[in-house]
Amino acid sequence: MNEKIAIGDGDILLVVDVQNDFCPGGSLAVPHADEVVLPINRLVLRFEHVVLTQDWHPRGHQSFASAHPGSKPYETINVAYGPQVLWPDHCVQGTPGAEFRNDLQIPHAELVLRKGYHKEIDSYSAFYENDRKTPTGLAGYLRERGFKRIFLAGLAFDFCVRYSAEDAHREGFSVLVIEDACRGIDVAGSMSASRQALSARGVRCVSIDFIG
Ligand SMILES: [Zn+2]
């Protein structure tokens, strides 16, 4: 498909977790994460409506390897709600690592949705925490405001972007991922698994060049 996708009133851009700890120099740096900033700064000019998500963990969060003596970052353990990848401590509430990149320019963002604040539950998705039951409230917010189609960009493609896209689709929204405005971590084949999971649900991955 070569036609541009026109952006209208029912569309919103969800910018996922563009925070210092996920960028080079951060504690959970996603390779080349800083490369999303300029494309996103360009992209947001085409959207009247933008929501930001912010990973926002209390100290000692269950997703941190440091909370599990003997475990290492990037190992998977079983917790009450199933498998959970363990991460380096990251995006701790109130720390510089949890702040948005200071070169991200989205003054017109309408909502900052924080996630991952329950100490015992991680939250990759902007819609449901990792127990897959606890809602963040975002689906209700977007529905109440009348949005129909959600575009996603940000970090990391194979975790928070992927699960947010899947949940948005499950909630009945039309969903597109702007893949060249995302970067991934790629733990144990998670990039290809994400592409397959999204395409199996009919979630399209598009280039920024096709937007508006
Ligand atoms: Zn996190």
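Parameters at a glance
Residues numbered from 1 in each chain as written. Predicted model: local features only at pLDDT ≥ 70, side-chain atom pairs only at ≥ 80, totals over all residues. Heavy atoms only, no water. Pairing = 2+ DSSP bridges. Helix = DSSP H or I, 4+ residues; strand = E, 2+ residues; numbered from the N terminus. Axes fitted to C-alpha atoms, helices over the stretch in contact; angles between N-to-C directions. Salt bridge = Lys/Arg side-chain N within 4 Å of Asp/Glu carboxyl O. Buried < 20%, exposed > 50% of the residue type's maximum accessible area, 1.4 Å probe, protein only.

Side note on the sheet that holds strand β8 (residues 204-206)
Point 1. Strand order in this open sheet of six strands is β5-β2-β1-β6-β7-β8, and the pairing throughout is parallel. Edge positions in the sheet fall to β5 (111-115) and β8, since each has one partner strand and no second. Going from strand to strand, the sheet's axes swing by 25 degrees on average, the running direction of each strand aside.
Point 2. Alignment of strand β1 (residues 11-16) against strand β2 (residues 50-55), held across four bridges, turns out to be parallel. Each residue of the ladder has a partner; that of Val 15, found in β2, is Leu 52.

Considerations on the pattern of salt bridges
If the charged atoms of two oppositely charged side chains come close together, the side chains can form a pair.
Point 1. In total, this model carries 12 salt bridges according to the counting rule given.
Point 2. With a closest N to O distance of 2.9 Å, Arg 183 and Glu 35 form a salt bridge. Here the residue Arg 183 occupies a position in strand β7 (residues 174-183), and Glu 35 occupies one in the loop between β1 and α1 (37-43), the gap between them amounting to 148 residues.
Point 3. The exposure class of Arg 183 is partly exposed, given its relative accessible area of 22%.
Point 4. According to the relative accessible area criterion, Glu 35 is partly exposed, its value standing at 38%.
Point 5. With a closest N to O distance of 2.8 Å, Arg 195 and Glu 179 form a salt bridge. Here Glu 179 lies in strand β7 and Arg 195 lies in helix α4 (residues 190-200), a separation of 16 residues in the sequence.

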